[in-house]
Amino acid sequence: MREAHPRERATGVDYYVSDADGIGGRLRVAPEDFRVRERERMDPEPLDAHEGSYPFLLLRATLRGWDTNDFAGALSDSMGASRERVSWAGTKDKHAVTTQLFTVRDADPDDLPDLDGADIEVLGRVGRALTFGDLAGNEFEIRVREAEGDPAPITRDLRAFAAGEDPETVDLADDETDGDGSVAVAVPNYFGHQRFGSRRPVTHEVGLAAVRGDWRGAVLAYCGNPNEAEPEGSQRAREVVEDQADSADPDWSVALDAMPGRLRYERSMLHRLDEGADWREALEAVPSNLQRLFVNAAQSYVFNRILSERLRRGLPFTRPVEGDVVAFVERDVAFPKPDMDRLQRATDGRVDTLARHCERGRAFVTAPLVGTETDLADGEPGEIEREILTDLDIEPDDFELPGEFESRGTRRAIAVPTDLTVSEREGDPVFGFALPSGSYATALLREYLKCDPERL
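Residues numbered from 1 in each chain as written. Predicted model: local features only at pLDDT ≥ 70, side-chain atom pairs only at ≥ 80, totals over all residues. Heavy atoms only, no water.

Q: I'd like a rundown of the overall build of the protein chain, residues and numbers included.
A: In terms of helices and strands, the protein chain carries 13 helices and 13 strands. Rg of the C-alpha trace for the protein chain: 23 Å, near the compact-globule value of 23 Å for 456 residues, within the 12% margin. Projected onto its principal axes, the C-alpha coordinates of the protein chain cover approximately 65 × 55 × 45 Å. Out of the 456 residues in the protein chain, the part that is buried amounts to 54%. Accessible surface, the protein chain: about 20500 Å² in total, of which carbon and sulfur atoms supply 40%. Of the charged side chains in the protein chain, 56 are positive and 92 negative; the average position of the first set lies 1 Å away from that of the second. (Helix = DSSP H or I, 4+ residues; strand = E, 2+ residues; numbered from the N terminus. Rg over C-alpha atoms; globule rule 2.2 N^0.38 Å. Buried < 20%, exposed > 50% of the residue type's maximum accessible area, 1.4 Å probe, protein only. Areas by Shrake-Rupley, 256 points an atom, 1.4 Å probe, with all protein chains shown as cover. Lys, Arg positive; Asp, Glu negative; His and termini not counted. Charge placed at Lys NZ, Arg CZ, Asp CG, Glu CD.)

Q: Please give an account of a negative patch on the surface that cites residues and values.
A: There is a patch of like negative charges on the surface, built from E373, D375, D393, E395, D397, E400 and E406. Among the secondary structure elements, E400 is positioned in the loop between α12 (379–392) and β11 (410–413). (Patch = residues over 30% accessible without salt bridge, like charges linked within 9 Å, V, L, I, M, F, W, Y side chains within 5 Å. Salt bridge = Lys/Arg side-chain N within 4 Å of Asp/Glu carboxyl O.)

Q: Can you break down the nonpolar core residue by residue, with the values?
A: Residues Y222, L270, L283, F294, F433 and Y448 are the most contacted members of the largest nonpolar core, which totals 99 residues. By residue number, the principal contributor to this core is helix α10 (residues 288–313), which donates 11 residues. Residue contacts for F433: discarding those within four places in its chain leaves N138, E139, F140, I142, T418, D419, L420, A441 and L444. Counting residues in hydrophobic clusters, the runner-up holds 19 residues, among them L59, A72, M79 and A81. (Core = buried A, V, L, I, M, F, W, Y, C linked by side-chain atoms within 4.5 Å. Contact = heavy atoms within 4.5 Å.)

Q: Which residues make up the side chain of R143, and what values go with them?
A: As for its position among the elements, R143 is in strand β6 (residues 137–143). Residue classification places R143 among the buried residues on the basis of a relative accessible area of 7%. Engagement of the side chain of R143 in a polar contact is seen with the side chain of E426, the distance being 2.9 Å. In terms of polar contacts, R143 uses its side chain to reach the side chain of D428, at 2.9 Å. (Polar contact = N/O pair within 3.5 Å; in protein donor to acceptor, adjacent residues only side chain to side chain.)

Put into structure tokens, the structure is as follows:
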């Protein structure tokens, strides 16, 4: 089994499915190389609908070179609104062209700003804010520049993984593809590197410390903890933070002066400490969505490690083994997605039946995003889950935390299938596919490029 890049292993992603050599190459040379469009599932009322019943404007924004958080901040600042009034369903990458929905509470269309690199369309009014994951999925068109080698052997391996077959038995002949030339493939449903911080993957470290009740460790994991991939000035500032934290009488104003202005969340935490706040209050200085992300990243790290161990043991991903927890797909949706209210355990008498449902696309094998209401699996899958939690010194009850840090947990499909097309543009491969909300394009692309995840 081929080991992942060391930076990936730091986020719990230990292996590749495909043993074939990667094609290398570069992503996002230009934003247009990486296009993402949400598959929407929110139907607005007209703009003249009663604002008391429908207080949220629904916007569709096509963004070039905008990070979702930064765009939300610029939008709220330009409108003179609190950032907490702006919501969205999925966080998108800055180095891309993205089309996604936003809601803004108590806003007038005439107040919408004209922002460079943003095409904003007002769709109507809705009665609630968008929440994270509040979309059917995402469609991708991704160009890889300067690639070398043939992607076909990797596609063969991913098709075999989807079918639960030996890659040597899979033939990618034309008569085995769909009419549009697409191939049914699958990959482990890993959380991508950007979930943890593309350059400095620490959000899960912050979350794990918080779950253990170590609020000091959580703040220092974010504000201290220098990383060699950062600019030297940032590294020096984080060293100052750690020096002050280790002193008998820390002077947080010194750390605040050293911290670059662009690291505004770090500065917010240090400002709180300088005012005499305790460690938890300092961590709460960042926006509520980032507070939730810390714990979500901890859950994601646990999930990734569970998948890696399942791969290492050779357990299947697209069909259950005894002890697995299987989720049936949501009813009446255009994009197959597990319904976490429709779970069944793969007991000895149900394994074969549930395997047939998975084979027909009616169900998915799941693993936990651990929280207070998480029920772990049985059998060997449950053994893996418990071993990972024990190794990290956490348990489900530890997620009973104050404020935005609490999480009840859920489960998530361990494999993500898609119909993949590989075309060519000016000699470069172009990958076209769609994924359900919450799944990462990099989970697929990493198999092809097999590179430092920072390049993804």
